[in-house]
Every structure is written in C-alpha cells, then in structure tokens.
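# Descriptive structure summary
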Amino acid sequence: MTLQRRLQLVGNNPEGAWLSTALKVAFATGDMKRVDQHFGAAQSFAIYAVDQERTCLVEACEFGAADMDGNEDKLAEKIAALDGCIAVYSQAIGASAIGQLKAQGIQPVKVSPGAEIGDLIESLQDELRQGPGSWLAKAIASTLPADPDRFDAMESEGWEE
C-alpha cells in the first residue's frame, strides 16, 4: 500500500498566519466527513489545523487499498504521512501501530464508529478552551521550543549531575 495522492493547502494568506501555531490532527476517513476507518487499513487521512477558535483542512492523504493482514510494513508510510500531527483519530488501531505512533509523538485516539469529524474538532476546541487534559497538554508542550534557561534554573536549585 502506497501513498497515492497528497493534497496540501498552499499559499501565503496573511489571515492564515495562525496556521503556524495551530495543532495538526488527523482523522482516518473514507468520506472526509466521518472517522470510519481502522488506522492500518485507512483509505485516507484528513488532516486539520486546529486552535481554540479556528479550524482548517490543511491536507488530505489517500492510500491504495490495504488488507488488515498484520503486515507491519504498511504502517511506516501512514505514520510518515502524519508528520507534524499531535494525534490521529480512528475507529480501531492495533497495539503495534499504537507503539509506533507514540514513538513519533502522535497520540492515537479511538472513537465510536462513524463519529463526525466536525464534532470531534469541536470537542477538541472545547478542551483547548477549558484547559487541555493529560495527553493534549503533553502534545502541546512538545510543540513548544525548549526553554533555553531550563538548565540555569536546575543549577540554581542545586541540581548536580
């Protein structure tokens, strides 16, 4: 199974500057409206940029037909297509895929069959506004640059090697 098509949002719209700080999340979908795919056999991913108030479809990745045969090699290209995403929503996902995604800093999120992408984005935005929970807070922290003074603070606390 190979990546067959990849459509990306391009341009330099000044109102789109928020996209550089938005979180990217992916949805395993066959119809671009609902999460209706198993991660390993997903026909496509819809990738959105999301912040507290805005959302924008920034990419769609389409794959060839895949069997749910336990072949782990097919996962590498899917995981690579999610580069920069903090999470991927799917109907189901295997243990090996979970491990590989987490190693790349991507949180797998299992949802009910047919969950609407719009509803999931709205729920994510609500969580961002109210204060993100554990996985989301960790994902946000991983997108921030490292504090250049962090070692000075450790030294002032008497931290030793």
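A brief report on the enclosed structure follows. (Residues numbered from 1 in each chain as written. Predicted model: local features only at pLDDT ≥ 70, side-chain atom pairs only at ≥ 80, totals over all residues. Heavy atoms only, no water.)

## Comments concerning the overall build of the protein chain
Counting secondary structure elements, the protein chain contains five helices and eight strands. The linear arrangement of helices and strands in the protein chain, starting from the amino end, is β-β-β-β-β-α-β-α-β-β-α-α-α. In the protein chain, which comprises 161 residues, the proportion classed as buried is 35%. The contacts in the protein chain between residues at least 6 apart in sequence include a share of 60% that link residues at least 24 apart. Put simply, the protein chain shows about 9500 Å² of open surface, and 49% of that area lies on carbon and sulfur atoms. (Helix = DSSP H or I, 4+ residues; strand = E, 2+ residues; numbered from the N terminus. Buried < 20%, exposed > 50% of the residue type's maximum accessible area, 1.4 Å probe, protein only. Contact = heavy atoms within 4.5 Å. Areas by Shrake-Rupley, 256 points an atom, 1.4 Å probe, with all protein chains shown as cover.)

## A short note on the pairing of strand β6 (residues 85–90)
With respect to burial, β6 is a largely interior element, six of its six residues being buried. Judged from the four bridges that link them, β6 and strand β7 (residues 107–110) form a sheet pairing that is parallel. Bridge pairing links Val-88 to Pro-108 in β7. For the crossover that starts at β6, traverses helix α2 (residues 95–103) and ends in the parallel β7, the hand is right-handed. (Pairing = 2+ DSSP bridges. Right-handed = clockwise from strand over helix to strand, strands pointing away.)

## Here we look at the environment of Ser-20
With respect to the secondary-structure elements, Ser-20 resides in the loop between β1 (3–8) and β2 (23–28). Here the side chain of Ser-20 touches Ala-17 through a polar contact of 2.9 Å, landing on its backbone oxygen. (Polar contact = N/O pair within 3.5 Å; in protein donor to acceptor, adjacent residues only side chain to side chain.)

## Thoughts on the nonpolar core
The biggest cluster of nonpolar side chains holds 22 residues, and the ones touching the most others in it are Ala-26, Phe-39, Phe-45, Ile-47, Leu-82, Val-88 and Leu-101. Only β2, β4 (44–50), β5 (55–63), α1 (73–81), β6 and α2 provide two or more residues apiece to this core. Discounting residues that sit within four places of it in the chain, Phe-39 has contacts with Phe-45, Leu-75, Lys-78, Ile-79, Leu-82, Val-88, Ser-90, Ala-92, Ile-93, Ala-97 and Leu-101. By size, the runner-up hydrophobic cluster in this structure holds 20 residues, among which are Leu-23, Val-50, Val-109 and Ile-121. (Core = buried A, V, L, I, M, F, W, Y, C linked by side-chain atoms within 4.5 Å.)

## Structural notes on the packing of helix α3 (residues 117–130) against helix α4 (residues 134–143)
Contact pair α3 / α4: the axes reach a minimum separation of 11 Å and the direction vectors enclose 75 degrees. As judged from the angle between their axes, α3 and α4 are roughly perpendicular. Residue-level inspection shows Leu-124, Glu-127 and Leu-128 of α3 in contact with α4, the latter providing Trp-135, Leu-136 and Ile-140. Looking at the contact of α3 with α4 residue by residue, the class counts come to five nonpolar, no polar and one charged. (Axes fitted to C-alpha atoms, helices over the stretch in contact; angles between N-to-C directions. Parallel < 35°, antiparallel > 145°, perpendicular 65-115°, else oblique. Nonpolar A, V, L, I, M, F, W, Y, C, P; charged D, E, K, R; others polar.)

## As for the pattern of salt bridges
Counted under the stated rule, the structure contains five salt bridges. Here Asp-31 and Arg-34 are joined by a salt bridge, their closest N and O atoms 2.5 Å apart. Looking at Arg-34, the relative accessible area reads 32%, which means it is partly exposed. Glu-53 is the partner of Arg-129 in a salt bridge, and the nearest nitrogen-oxygen pair spans 3.9 Å. Highlighted residues: Arg-129 in helix α3 and Glu-53 in the loop between β4 and β5, separated in sequence by 76 residues. The class of Arg-129 is partly exposed, set by a relative accessible area of 39%. What you see here is one network of salt bridges that share partners, running through Asp-31, Arg-34 and Glu-116. (Salt bridge = Lys/Arg side-chain N within 4 Å of Asp/Glu carboxyl O.)

## Re the state of the cysteines
Two cysteines whose sulfur atoms are joined by a covalent bond form what is called a disulfide. For the coordinates displayed, the defined rule picks out zero disulfides. Free of any disulfide, Cys-61 has its nearest cysteine sulfur in Cys-85, 8.1 Å distant. Judged by its relative accessible area of 1%, Cys-61 falls in the buried class. (Disulfide = S-S within 2.5 Å.)

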